[in-house]
Amino acid sequence: MKKNLLITLLLLLFTANLCKSQTISIANKEPGNLESQIRNELTLENAWIDSSKENVLIVKGVLAKEDVHFIASLVKEKDINKLDLSGSKFREIGFGLFADCSNIKSVRLPNTVKTIAKHAFKNCGLTNISLPTSLTSIGTESFAGCSQLSQVTIQKKLSWIGTDAFKGCPIKSFKIKKNNEYRFDGTHLYSKNNTIIY
C-alpha cells in the first residue's frame, strides 16, 4: 500500500514538472472573426491563470488587421510569454501594437509579414527574435527599449531599418542571412553605405 502511494506521489510530481507551460492553440476559421471564435471556444477568464507557468498562445490561419490587434490585447491582458504566429498569414505588425508588453519573451512571426511598423515592439521583454524571410522594413524605434533583446536575425529581403530601431537593446549578435544590405562587425550594425544603424 505504501509502495503504491509512493509511486503515485512520484508520478504526480513528475507530471507537475512536465506541465511548466500553459498552451492554447487556435486555428482561425475566418479572417476578422478571431475574437468571437476565441470567446466561443475558450473561457478567457480561466485561460492562463497560473502566472508561475509559461503562458503560450499559438494562432494559425489567415488573420485580418483586427485579429492581430485582438492578439496584441490578449498578450497584454493575459500575461502571455510566448506567441507563435508562424502558422498564420498577415502582412504587418502595426504601430505600437505590442509596445510595453514586458511579459512577452518570444515571438514567432509568419513568413508573410513584410513590415514591422514604428514602435511595434518598443519596451518589450523580448530576448531574441528571428525576423521572417518576407520582412522588408523595420520602423523607427520598433524594438527600442527591449532591455533583454540580445540576438537578432536579419533575413536577406530586409532593405530598410528605421532610426533607433534597436536603441537601448543590449544586442550581442546580429545574425545576417545572405544579406548584402547590412553587416555586423561585432560592435556596430552598418547599412550598405556604411551608415551605423546600431
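On a predicted model such as this, the values are computed, not experimentally measured, just so you know.

Visitor: Explain the packing of aromatic side chains to me, using residue names and the numbers behind them.
Guide: Applying the stated criterion across every chain yields a total of six aromatic pairs. Their ring planes at 5° and their centres at 5.3 Å tell us that Phe 98 and Phe 121 sit as a pair that is stacked. One end of the pair, Phe 98, is in the loop between β5 (92-93) and β6 (106-108); the other, Phe 121, is in the loop between β7 (115-116) and β8 (128-130), with 23 residues separating them in the sequence. A single burial state applies to Phe 98 and to Phe 121, both of which are buried. Relative to Tyr 198, the ring of Phe 174 has its centre 5.6 Å away and its plane inclined at 65°; by these criteria the two rings are edge-to-face. Pair noted here: Phe 174 is in strand β12 (residues 173-176) and Tyr 198 is in the segment after β14 (189-190), with a separation of 24 residues, a long-range link. For Tyr 198, a relative accessible area of 22% gives the class partly exposed.

Visitor: Any details on the sheet that holds β8? Residues and values, ideally.
Guide: Strand order in the open sheet formed by three strands is β8-β10-β12, and the pairing between neighbours is parallel. Each having just a single partner strand, β8 and β12 make up the two edges of the open sheet. Between one strand and the next, the sheet's axes are offset by a mean angle of 15°, whatever the strand orientation. Of the strand pairs in this sheet, strand β10 (residues 151-154) and β12 are connected by four bridges, and their pairing is parallel. Paired with Ile 154 across the bridge in β12 is Ile 176.

Visitor: Please set out unusual backbone geometry residue by residue, giving values where relevant.
Guide: Even without being glycine, Asp 79 reaches a positive phi, approximately 60°. Structurally, Asp 79 can be placed in the loop between α3 (65-78) and β3 (82-84). Phi at Asp 100 takes a positive value of approximately 65°, unusual for a residue other than glycine. You can see Asp 100 is positioned in the loop between β5 and β6. For Asp 100, a relative accessible area of 55% translates into the label exposed.

Conventions and cut-offs
- Residues numbered from 1 in each chain as written.
- Predicted model: local features only at pLDDT ≥ 70, side-chain atom pairs only at ≥ 80, totals over all residues.
- Heavy atoms only, no water.
- Phe/Tyr/Trp six-rings, centres within 6.5 Å; stacked < 30°, edge-to-face > 60°.
- Helix = DSSP H or I, 4+ residues; strand = E, 2+ residues; numbered from the N terminus.
- Buried < 20%, exposed > 50% of the residue type's maximum accessible area, 1.4 Å probe, protein only.
- Pairing = 2+ DSSP bridges.
- Axes fitted to C-alpha atoms, helices over the stretch in contact; angles between N-to-C directions.

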